Amino acid sequence: MVLPFNTIIDTMIVSDNICFTEPLTAFLEQSSAFRFRIQVVTAPCDPSLHISRLPSAQPALIFFAADLTRPESLSAVAALSRSLPGSLLVTFGEVGDLGLLLKYIRSGVRGFIPASFSAIAFNEALVKIIGGDAFISTAVTRKIFDYLNHNIDLADKLTFRQRQIVEGILEGLSYKLIAHKYKISIDTVREHIKNIYKAFRINSKAELIALLRFHYL
């Protein structure tokens, strides 16, 4: 979406917290690049976000401002994306977990603006988003690169067979099914699992699954 400088942009702020809505409204009203017609919708943590509570005219821009780490926030964002598919969807808040960040992106979010941003940084991010680009802060981008580089390091620690077994675990297969899939014995699977524990310096399957969820999902 690319909008002219003087266009009035219909904007909806979805939030349940005045600590988010007040600075967000102030940032929008002080923007030097665009003018906004703002509507605030409260109680975003209802995942259904009933259509009766949404505006009759679809907004060009939606800000979802809440604690983004809560599961209900992700559900609400997904509901907004489904109900108003033509709107630019932007979150205002902190997403520390990269796995969660990817889930928000899959839900349709086009921009992530931290609540800690200054008015100037907020305005610069908004220009990029409305100009048609996606936006993720430099700090989060750095985390993504660190995450990807660490994934490469983890993969390098495993043999080809161990990577196959890891893939089997990610698929939710039992040791027996992994053995059947790769035509090896269960004892061989268990031996590979023990060596994987050593490579990752962990001591249990629960730790292995937690590690895989963080680094591979």
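Coordinates for the structure precede this section.
This section reports on the structure supplied with the text. This structure is a prediction, so every number in the text was calculated from the model and none was measured. Starting from 1, residues in each chain are numbered consecutively following that chain's sequence as written. For a predicted model such as this one, the threshold for reporting local features is a pLDDT of at least 70, and the threshold for listing and counting side-chain atom pairs is 80 or more; totals across whole chains, interfaces and linings nevertheless cover every residue. For the side-chain quantities, the full set of heavy atoms in the structure was used; hydrogens and water were omitted.

## Re the side chain of Ser 73
Numbering of helices and strands starts at the N terminus; helices are DSSP runs of H or I of at least 4 residues and strands are runs of E of at least 2. Position of Ser 73 among the secondary structure elements: in helix H2 (residues 71-83). Between buried and exposed lies partly exposed: a residue is buried under 20% and exposed over 50% of the maximum accessible area for its type, with that area taken using a 1.4 Å probe on protein chains only. The class of Ser 73 is buried, set by a relative accessible area of 0%. Polar contacts, as used here, are pairs of N or O atoms within 3.5 Å; protein pairs need one atom able to donate a hydrogen and one able to accept it. Residues neighboring in sequence count only if both atoms are side-chain atoms. A polar side-chain atom of Ser 73 sits 2.7 Å from the main-chain carbonyl oxygen of Asp 67. Not counting residues up to four positions away in its chain, the partners in contact with Ser 73 are Phe 64, Ala 66, Asp 67, Leu 68 and Tyr 104. Between two residues, a contact is recorded if the distance between any of their heavy atoms is within 4.5 Å.

## Details of the pairing of strand S2 (residues 35-41)
We treat two strands as partners when DSSP finds at least two bridges between them. Two elements, strand S1 (residues 8-15) and S2, share 7 bridges in a ladder whose sense is parallel. Within S2, the position partnered with Val 14 by the bridge is Val 41.

## Structural notes on the environment of Phe 36
Mapping Phe 36 onto the fold places it in strand S2. Each C-alpha atom, one on Phe 36 and one on Ile 9, is 4.7 Å from the other, the two residues being 27 residues apart in sequence. Here Phe 36 is in contact with Ile 8, Ile 9, Thr 11, Leu 28, Ser 31, Leu 61, Leu 126 and Ile 130, once residues within four sequence places are set aside.

Limitation: the analysis is restricted to geometry and does not speak to function.
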